[in-house]
Amino acid sequence: MATVTLENIRKSFGKTEVIHGVDIDIADGEFIVIVGPSGCGKSTLLRMVAGLETITSGEVRIGGKRVNEVEPMDRDIAMVFQNYALYPHMSVFDNMAYGLKIKGTPKSEIVARVDAAAEILQLGPYLQRKPRQLSGGQRQRVAMGRAIVRKPAVFLFDEPLSNLDAKLRVQMRLEIKALQRELGVTSLYVTHDQVEAMTLADRMVVMNDGVADQIGAPLDVYANPATIFVAGFIGSPPMNFIDTKQISGWTEPPCVLGVRPEHLHLVSEPEGRISGSVTYAEPLGAETLVHFRTTDGPSVTVRQDGAEPVPSEGERLGIAWKTDKELRFSEEGQRLADS
Amino acid sequence: MEKRVTFRGIWLPILLVLPQIVITAVFFFYPAGKAIWQSLFIPDPFGLSMQYVGLGNFEYLLTDPYYRGAFATTAIFSGLVTLVSMGCALFLAVLADRLIKGSGTYRTLLIWPYAVAPAVAGVLWLFMFNTRVGVVTWYLGQLGYDWNHVLNPHEAMGLVVIASSWGRVSYNFLFFLAGLQAIPRSVVEAAAIDGARFWTRFRTIVFPLLSPTTFFLLVVNIVYAFFETFGVIHTITSGGPQQATTILVYKVYSDGFVGQDLGSSAAQSVILLILVSILTVIQFRYIERRVHY
Ligand SMILES: Nc1ncnc2c1ncn2[C@@H]1O[C@H](COP(=O)(O)OP(=O)(O)OP(=O)(O)O)[C@@H](O)[C@H]1O
Ligand SMILES: [Mg+2]
């Protein structure tokens, strides 16, 4: 078990810099999720912690010790890859035992540890099979098993669930969370799925184009996004952004207002702070998503209770919200202090 | 899904495969049939008449110490050629696989030797190791080693092995490199994180995953060493000294065309035919089925 510290990490491939200085402090036993859109540099960051990618500048410390020049095998980490990267010519047992065998762990202890991991992951019946004889979910478990038998100081996960179907993904997500709680191993988990990030993370790091836009507990990030990017990326359906120029009677300096769909209400046209017509409504049972086209503005989504009447298409309505629910952003996308 | 073109008539498909069949018939079935026929006879020295001897030629061959000697020589020779050419190729391929910059140039240079015809390669090596004017011989002489492959059977064998392996390294290199690049990077990375250093990774992950390629090359190289090295041996040693480099295919030539013993030569061809058939069967059974992990 260990702390992990990233200090002003930069990475360039040739002349292109893809990570522009990232700082993250990870406490012992903490579950950190790095989330961001495709290509923002999540995997690159994780691979630098693993030692699979050189660090262009900055410092990575594991357990307080600088590891920039340390080989992956000497960093006391385990990694679960997106495609699982199981050894195709070895049985499930040998896959899990590989790291221990190399370390020269006594045979009896290897068997005990692998059996224990197989027990936790319900892999008992499959120990003698080859990876190609397993389902996607089972392979994923083997990859997890390979990581946990070694009892490393840090777990690294690179989108471990993205090859699974939706139902299995939810199930494995819960299992990973439970496992990490039980083992208490510091974990760094990369995903592009914000739901995964919200449910797994003790703290999450929202990455945007090689920069960590915000680091914080999921609900804090949700309630208090630091940038328009974070506000728009976290939450589904995403936050609505309304230019103050659209709001008649706005007297303060112009800015962009961000309001979550659940904080908007439908009112009659004259009562609304902005108005528009319904483009379509999606009744989902428990809730209804109403999509609007505002007069000379972008579209806006309102989330209302499923019990409320569903407006018809083309209906003109107003939209209102409480001012304490609005977040203000500058034109450049930075959060402004609440007035 | 396999896509197949279907023809309505029978004549067009026949017409299309005809050239291949004709070539196979003229250059393979006819000579093979003739060799099998001839192996049952002993012609008189002037080629005027033939005497039927049944399997007599084969019986004689199998008890002939010289023929057995050629068998042993072939085994040693093809074993060494396969080992040297595959070993060097694998080593270079592993280096090239790790190389990111300049790998294109490196690859191109490594492929060149393959374009050199075996007989030409033989002559090149012969020049370098010539006992009187060879560069290598001179340097070896400076080091106090007296190289003479014309008299020393081991040196002769060494020289033909090197000359035969040299061009072959390119061919094997290409296959090994393709094989190495087909191994998922993440599997090797996972092994590195699991604690395996370079050599352990190579031994436990890379080499086993490369085994289909290795097996394929093993068969192909043995076939090469058996048959296609004729030009090299002919130019460098002509099978000498004292038959030390007379491999089976060279003996077919020297007994048949030099010694004019056509019956025995034909019988030797038939034995080679059987050997190559066995190798081909092995290759198809194991490689086409892709036995591995
Ligand atoms: N070996 C490489 N050489 C050059 N550029 C690279 C290399 N690896 C990654 N990049 C670039 O670095 C950027 C970040 O890549 P990275 O794989 O970290 O993205 P990611 O956030 O993991 O995306 P995804 O969610 O699609 O996996 C991308 O623009 C990518 O093109
Ligand atoms: Mg990635």
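Here the structure is a predicted model, which means the values were calculated and not measured.

**Q** For the pattern of salt bridges, give the residues involved together with the corresponding values.
**A** Tallied over the full model, the rule gives 24 salt bridges over all chains. Of the charged contacts, one joins Arg-150 of chain A and Asp-194 of chain B as a salt bridge, the two residues approaching to 3.0 Å between their closest N and O atoms. Taken together, the residues Arg-150 of chain A in the loop between α4 (136–149) and β7 (154–158) and Asp-194 of chain B in the loop between α8 (185–193) and α9 (198–228) connect one chain to another. Overall, the relative accessible area of 5% leaves Asp-194 of chain B in the buried class.

**Q** How would you summarise the packing of helix α3 (residues 65–98) of chain B against helix α7 (residues 153–181) of chain B if you had to cite specific residues and measurements?
**A** Residue and element names in this part refer to chain B. Orientation of α3 relative to α7, taken along the N-to-C sense of each, is 40 degrees, at an axis distance of 6 Å. As judged from the angle between their axes, α3 and α7 are oblique. α3 and α7 meet at a crossing whose hand is right-handed. Its residues assigned to classes, the contact of α3 with α7 comprises 21 nonpolar, 6 polar and 2 charged.

**Q** Please give an account of the packing of aromatic side chains that cites residues and values.
**A** The way to describe two aromatic rings as a pair is by their centre distance and the angle between their planes. Scanning all chains against the criterion turns up 24 aromatic pairs over all chains. Three or more aromatic residues joined by ring pairs form one cluster here, namely Phe-31, Phe-155, Phe-157 and Tyr-189 of chain A. The ring of Tyr-87 of chain A has Arg-146 of chain A lying over it, and the distance from NZ or CZ to the ring centre is 4.6 Å. Positioned above the aromatic ring of Tyr-224 of chain B, the side-chain terminus of Arg-168 of chain B is 4.3 Å from the ring centre.

**Q** Pulling in residues and values, what's your account of the sheet that holds strand β6 (residues 77–80) of chain A?
**A** Residue and element names in this part refer to chain A. Pairing is mixed across the open sheet formed by 6 strands, whose spatial order is β6-β7-β8-β3-β9-β10. Of all strands in the sheet, those with a lone pairing partner are β6 and β10 (211–216), marking the two edges. Between one strand axis and the next, the sheet turns by 15 degrees as a mean value, whatever way the strands run. Examined bridge by bridge, strand β3 (residues 31–35) and strand β8 (residues 186–191) share 5 bridges and lie parallel to one another.

**Q** Quick one: what's the story with the side chain of Asp-158 of chain A, residue by residue and with numbers?
**A** All names here are of chain A. Mapped onto the fold, Asp-158 is located in strand β7. At 6.2 Å, Arg-47 is the nearest oppositely charged side chain to Asp-158, a buried residue that forms no salt bridge. A polar atom in the side chain of Asp-158 sits 3.1 Å from the side chain of Ser-43. Among residues more than four places away in sequence, those in contact with Asp-158 are Ser-43, Leu-46, Met-79, Val-80, Phe-81, Gln-82 and Val-190.

**Q** Explain the site of ligand 1 to me, and be specific about the residues and the numbers.
**A** Residues and elements named next belong to chain A. The environment of ligand 1 is made up of Phe-13, Val-18, Ser-38, Gly-39, Cys-40, Gly-41, Lys-42, Ser-43, Thr-44 and Glu-159. Residue Lys-42 places a side-chain N or O atom 2.8 Å away from an oxygen atom belonging to ligand 1. A distance of 3.1 Å separates an oxygen atom of ligand 1 from a polar side-chain atom of Glu-159. When ligand 1 sits alone it has 630 Å² of accessible area, and the protein chains cover 56% of it. Here the element with the most residues in the shell around ligand 1 is helix α1 (residues 42–50); it accounts for 3 residues. The residue makeup of the shell around ligand 1, split by class, is 3 nonpolar, 5 polar and 2 charged.

**Q** Describe the side chain of Ser-170 of chain B, naming the residues involved and giving the relevant values.
**A** All names here are of chain B. Mapped onto the fold, Ser-170 is located in helix α7. On the accessibility criterion, Ser-170 (1% relative accessible area) is buried. Not counting the four nearest positions on each side in its chain, Ser-170 is found in contact with Leu-110, Ile-111, Pro-113 and Tyr-114.

How each quantity is defined
- Residues numbered from 1 in each chain as written.
- Chains lettered and ligands numbered in written order.
- Predicted model: local features only at pLDDT ≥ 70, side-chain atom pairs only at ≥ 80, totals over all residues.
- Heavy atoms only, no water.
- Salt bridge = Lys/Arg side-chain N within 4 Å of Asp/Glu carboxyl O.
- Helix = DSSP H or I, 4+ residues; strand = E, 2+ residues; numbered from the N terminus.
- Buried < 20%, exposed > 50% of the residue type's maximum accessible area, 1.4 Å probe, protein only.
- Axes fitted to C-alpha atoms, helices over the stretch in contact; angles between N-to-C directions.
- Parallel < 35°, antiparallel > 145°, perpendicular 65-115°, else oblique.
- Left-handed = near helix turned anticlockwise from the far one by under 90°.
- Nonpolar A, V, L, I, M, F, W, Y, C, P; charged D, E, K, R; others polar.
- Phe/Tyr/Trp six-rings, centres within 6.5 Å; stacked < 30°, edge-to-face > 60°.
- Lys NZ or Arg CZ within 6 Å of the ring centre and 35° of its normal.
- Pairing = 2+ DSSP bridges.
- Lys, Arg positive; Asp, Glu negative; His and termini not counted.
- Polar contact = N/O pair within 3.5 Å; in protein donor to acceptor, adjacent residues only side chain to side chain.
- Contact = heavy atoms within 4.5 Å.
- Near = heavy atom within 4 Å.
- Areas by Shrake-Rupley, 256 points an atom, 1.4 Å probe, with all protein chains shown as cover.

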